[in-house]
Amino acid sequence: MLTNTFFALSLFPYLGFLYFMTRNPNTPRLALIGFYGTLVFVAVTIPAGLYAQKVYGTTLANVDGLHGGAEFFLTFANILIALGFRRALKES
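For every chain, the first residue of the written sequence is number 1, and numbering continues from 1 onward in sequence order. Local features in this predicted model are restricted to residues whose pLDDT is 70 or higher, and side-chain atom pairs enter the listing and the counts only when it is 80 or higher, whereas totals over whole chains, interfaces and linings include all residues. The side-chain values count all of the structure's non-hydrogen atoms but skip hydrogen atoms and water molecules.

Caption draft 1: Spotlight on the overall build of the protein. The secondary structure content of the protein amounts to 4 helices and 0 strands. From first element to last, N terminus to C terminus, the protein shows the α and β order α-α-α-α. Principal axes of the C-alpha set define a box for the protein whose edges measure 50 × 25 × 15 Å. A simple rule labels every residue: compare its accessible area, found with a 1.4 Å probe on the protein chains alone, to the largest value its type can have, and call it buried under 20%, exposed over 50%, or partly exposed in between. The proportion of buried residues among the 92 residues of the protein is 25%. Restricting the contact set of the protein to residue pairs at least 6 apart, pairs at least 24 apart contribute 58%. For the protein, the exposed area adds up to about 6,600 Å²; of that, 69% sits on carbon and sulfur atoms. Numbering of helices and strands runs from the N terminus, with a helix taken as a DSSP run of H or I at least four residues long and a strand as a DSSP run of E at least two residues long. Whether two residues are in contact is decided by their heavy atoms, any of which lying within 4.5 Å being enough. In these tables, accessible area is a Shrake-Rupley quantity obtained with a 1.4 Å probe, and a residue counts as shielded only by the protein chains included in the view.

As structure tokens, this is what we get:
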């Protein structure tokens, strides 16, 4: 229960981070898209975790297909962030 509360509360500092990164003209656009993609990961993970609990009676980490599908969004977001900053470094 406490873990869920911390997870939910951690969204607010991240939204603040996104707010400031969005307004910073030096933030690479591709990296910013990746940072927003992390929100897609969260949006996918929550229902997938609930589904795993209801249908399989276990956590998301124990259902490979669902877990891998959810983790794909995090991996894709991280790739976009890395490529965005890589491009910015090459252009500077």
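Caption draft 2: The arrangement of the UniProt feature "transmembrane region" (unreviewed entry) in the protein in detail. UniProt positions are given in the numbering used here, feature names are shortened, and annotations may be inferred rather than shown by experiment. Per the UniProt annotation, the sites labelled "transmembrane region" (unreviewed entry) are residues 6–22, 29–52 and 72–89. Summarising residues 6–22: 94% helix, 0% strand, and an end-to-end C-alpha distance of 24 Å. The straight-line gap between the two end C-alpha atoms of residues 72–89 is 26 Å; of that span, 100% is helix and 0% is strand.

Caption draft 3: Representation of the packing of aromatic side chains in the model. Here the aromatic set is Phe, Tyr and Trp, taking the six-membered ring for Trp, and pairing holds for ring centres within 6.5 Å; pairs whose planes are under 30 degrees apart are stacked, those over 60 apart are edge-to-face, and all others are tilted. What the rule picks out here adds up to 7 aromatic pairs. Residues Tyr14 and Phe17 carry aromatic rings whose centres are separated by 5.6 Å and whose planes lie at 35° to one another, so their mutual orientation is tilted. On the criterion of helical spacing, the pair formed by Tyr14 and Phe17 is a turn pair, its members being 3 residues apart in helix H2 (residues 11–23). A relative accessible area of 21% places Tyr14 in the partly exposed class. Relative to Phe20, the ring of Tyr19 has its centre 5.1 Å away and its plane inclined at 85°; by these criteria the two rings are edge-to-face. Aromatic rings pair up to connect Tyr14, Phe17, Phe35 and Phe85 into one cluster.

Caption draft 4: A look at the nonpolar core. The set of buried Ala, Val, Leu, Ile, Met, Phe, Trp, Tyr and Cys residues whose side-chain atoms join them within 4.5 Å is what this entry labels a nonpolar core. Residues Leu18, Met21, Ala31, Leu32, Phe35 and Ile81 constitute the largest nonpolar core, which totals 6 residues. Sorting the residues of this core by element identifies H2 and helix H3 (29–56) as the ones contributing at least two each. Residue contributions to this core peak at 3 residues, all from H3. With near-sequence residues (within four places) excluded, Ile81 lies in contact with Ala31, Gly34, Phe35 and Thr38.

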